[in-house]
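Each chain, written out:
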Amino acid sequence: MRMYEWVKTFHIVFVVAWMAAVFYLPRILVNLAETAGQMQVGERLQLMGRRLYRFGHAMFGLAFLLGLVLWLGYRFLPDFRTMVAPGAAGWLHAKLGLVALLLVYFIFTGRWLKGVAKGRALPSSRTLRWFNELPLLLFIAIVYLVLAKPF
């Protein structure tokens, strides 16, 4: 395989790993909201959440770096393809905007997790369950933009 395919492969792998953290961290928050009074369970969930949050940040960082290489690598690496045709980068800008929203979402859930450690209350588990559905909608839109490149 050429370098472009390897970079793209690892970009996708790290995106999938980050999305696992994006999807699962709110689920940990739901469980935390439902374990009021169960100190040991709450501590275990907080530990899991902190580890998952750190893992998610690392995966996002790697996916971001490889995404930059996919986007701009043709300028620095000989024979490296570009994924964006000249004048047709609208889909990429839209995708990056949605990825930025997902990152804000992930950081927001991390702040809730850190707030629990400081004794702050979480929203209700029902609210957190609804909140948990938002990244799926963003992810569907991102995948569509990447595959269809509609503009």
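Residues numbered from 1 in each chain as written. Predicted model: local features only at pLDDT ≥ 70, side-chain atom pairs only at ≥ 80, totals over all residues. Heavy atoms only, no water.

*Asks:* Honestly, helix H3 (residues 90-117) in this entry has me stumped. Any pointers?
*Replies:* For an α-helix the count is 3.6 residues per turn, leaving residues at separations of three or four pointing the same way. With 28 residues, H3 extends 41 Å between its outermost C-alpha atoms, agreeing within 8% with the 40 Å of an ideal straight helix rising 1.5 Å per residue. Gly-119 sits one or two positions beyond H3 and adopts a positive phi of about 90°. (Helix = DSSP H or I, 4+ residues; strand = E, 2+ residues; numbered from the N terminus. Expected span 1.5 Å × (residues − 1).)

*Asks:* Before we go on, may I ask you to explain the packing of aromatic side chains in this structure?
*Replies:* Geometry of an aromatic ring pair is reported as the spacing of the ring centres plus the angle between the planes. Inspection of every chain in the model, using the stated rule, returns twelve aromatic pairs. Ring centres of Trp-6 and Phe-10 lie 6.0 Å apart, and the angle between their planes is 20°; this geometry places the pair in the stacked category. In this pair, Trp-6 and Phe-10 are both assigned in helix H1 (residues 3-34), four residues apart and thus about one turn of the helix distant. By relative accessible area, which is 40% here, Phe-10 ends up partly exposed. Among the aromatic residues, those joined into a ring-pair cluster are Trp-18, Tyr-53, Phe-60, Phe-64 and Phe-106. Looking at Lys-149, its charged tip hangs above the ring of Trp-91, at a distance of 4.8 Å from the centre. (Phe/Tyr/Trp six-rings, centres within 6.5 Å; stacked < 30°, edge-to-face > 60°. Buried < 20%, exposed > 50% of the residue type's maximum accessible area, 1.4 Å probe, protein only. Lys NZ or Arg CZ within 6 Å of the ring centre and 35° of its normal.)

*Asks:* Would you take a moment to explain the side chain of His-11 for this structure?
*Replies:* As for its placement among the helices and strands, His-11 is situated in helix H1. His-11 gets classed as buried once you look at its relative accessible area, which sits at 13%. Residue contacts for His-11: discarding those within four places in its chain leaves Ala-63, Leu-66, Gly-67, Leu-70 and Lys-95. (Contact = heavy atoms within 4.5 Å.)

*Asks:* What is the right way to read the layout of surface pockets from this model?
*Replies:* Volume-wise, the largest pocket comes out at about 710 Å³. Lining the largest pocket are 29 residues, and of these His-11, Val-15, Lys-95, Val-99 and Val-146 sit closest to its centre. When contributions to the lining of the largest pocket are tallied by element, the ones reaching two or more residues are H1, helix H2 (39-72), H3 and helix H5 (134-148). Across the lining of the largest pocket, the residue classes break down as 24 nonpolar, two polar and three charged. A volume near 230 Å³ is recorded for the second largest pocket. Looking at the second largest pocket, it is lined by 14 residues, and the ones nearest its centre are Leu-32, Thr-35, Ala-36, Gln-46 and Val-116. Looking at the lining of the second largest pocket, the elements with two or more residues in it are H1 and H2. Here the lining of the second largest pocket takes four residues from H2, the largest share from any one element. Its residues assigned to classes, the lining of the second largest pocket shows seven nonpolar, five polar and two charged. (1 Å grid on protein atoms, 1.4 Å probe; cavity = no way out; pocket = protein on both sides within 12 Å on 5 of 7 lines; lining within 4 Å. Points joined across faces, edges and corners; volume = space filled by probe spheres on them. Nonpolar A, V, L, I, M, F, W, Y, C, P; charged D, E, K, R; others polar.)

*Asks:* What exactly am I supposed to notice about the environment of Arg-27 here?
*Replies:* Within the secondary structure layout, Arg-27 lies in helix H1. With 101 residues separating them in the primary sequence, Arg-27 and Leu-128 have C-alpha atoms 7.9 Å apart. What Arg-27 contacts, discounting residues up to four positions off in sequence, is Arg-129 and Asn-132.

*Asks:* Is there a simple way to think about H5 in this case?
*Replies:* The terminal C-alpha atoms of H5, which comprises 15 residues, lie 22 Å apart, in line with the 21 Å expected from a rise of 1.5 Å per residue. For H5, every residue scored as buried is listed here: Pro-135, Leu-138, Ile-142 and Leu-145. Along the axis of H5, the buried positions cluster into a sector of 90°, meaning they face one direction only. Summarising the geometry of H5, the exposed residues directed more than 90 degrees from the buried face are Leu-137, Ile-140, Tyr-144 and Leu-147. Close packing links the buried residues of H5 with H1, H3 and helix H4 (125-131). (Arc of directions from axis to C-beta.)

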